[in-house]
Amino acid sequence: GGRDRAFLQYTMRTEQGKEMMDMQHTYTPEALRGKGIADKVTAAAFAYCEEKGLLVVPSCTYISGRFLDKNPGLRRLVA
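Residues numbered from 1 in each chain as written. Predicted model: local features only at pLDDT ≥ 70, side-chain atom pairs only at ≥ 80, totals over all residues. Heavy atoms only, no water.

**Details of the overall build of the protein chain**
Right, so step 1: Looking only at helices and strands, one finds two helices and three strands in the protein chain.
Right, so step 2: Counting from the amino terminus, the protein chain carries its helices and strands in the arrangement β-β-α-β-α.
Right, so step 3: The C-alpha atoms of the protein chain give a radius of gyration of 13 Å, which matches the 12 Å a tight globule of 79 residues would have.
Right, so step 4: When the backbone C-alpha atoms are referred to their principal axes, the protein chain occupies close to 40 × 30 × 20 Å. (Helix = DSSP H or I, 4+ residues; strand = E, 2+ residues; numbered from the N terminus. Rg over C-alpha atoms; globule rule 2.2 N^0.38 Å.)

Structure below.
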């Protein structure tokens, strides 16, 4: 099932000719929390966006707050 693995829920969209990944939600199963898994999943998504030339819309409060606070250099990818 989908709830036994960590994931990042997103949608792709284009605004004013720019492709964007709207990162809407991160989820880590309770048994796996506190191990930095959400950070790793989110960092991989940011790396993908950077590689593909996409902007990031950090709709998820974890990403817009805690993750970007810990990784301020990635703010350059934020739409």
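**A few points about the pairing of strand E3 (residues 55–58)**
Right, so step 1: As defined by bridge partners, strand E2 (residues 18–27) adjoins E3 across four bridges and the pair is classed as parallel. Counted as the bridge partner of Met23 is Pro58 from E3. (Pairing = 2+ DSSP bridges.)

**Here's the deal with the sheet that holds strand E1 (residues 7–15)**
Right, so step 1: With mixed pairing, three strands are arranged side by side in an open sheet as E1-E2-E3. Each edge of the sheet is formed by a strand with only one pairing partner; in this case those strands are E1 and E3. Adjacent strand axes in the sheet meet at a mean angle of 30°, parallel and antiparallel pairs treated alike.
Right, so step 2: Summarising the sheet, E1 and E2 pair through nine bridges and their orientation is antiparallel. Bridge pairing in E2 links Leu8 to Thr26.
Right, so step 3: The strands that helix H1 (residues 37–52) touches are E1, E2 and E3; relative to E2, the one it contacts most, it runs at about 175°. (Axes fitted to C-alpha atoms, helices over the stretch in contact; angles between N-to-C directions. Contact = heavy atoms within 4.5 Å.)

**Some points on the pattern of salt bridges**
Right, so step 1: Scanning the model with the defined rule gives six salt bridges in all.
Right, so step 2: Two residues, Asp22 and Arg13, come together in a salt bridge whose shortest N-O distance is 2.8 Å.
Right, so step 3: Residue classification places Asp22 among the buried residues on the basis of a relative accessible area of 6%.
Right, so step 4: Among the salt bridges present, the one from Lys70 reaches Asp39, with a minimum N-O distance of 2.6 Å. In this pair, Lys70 is assigned in helix H2 (residues 61–70) and Asp39 in helix H1, connecting sequence segments 31 residues apart.
Right, so step 5: For Lys70, a relative accessible area of 47% translates into the label partly exposed.
Right, so step 6: Owing to a relative accessible area of 19%, Asp39 belongs among the buried residues under this scheme.
Right, so step 7: Within the structure, one salt-bridge network assembled from shared partners comprises Arg13, Glu15 and Asp22. (Salt bridge = Lys/Arg side-chain N within 4 Å of Asp/Glu carboxyl O. Buried < 20%, exposed > 50% of the residue type's maximum accessible area, 1.4 Å probe, protein only.)

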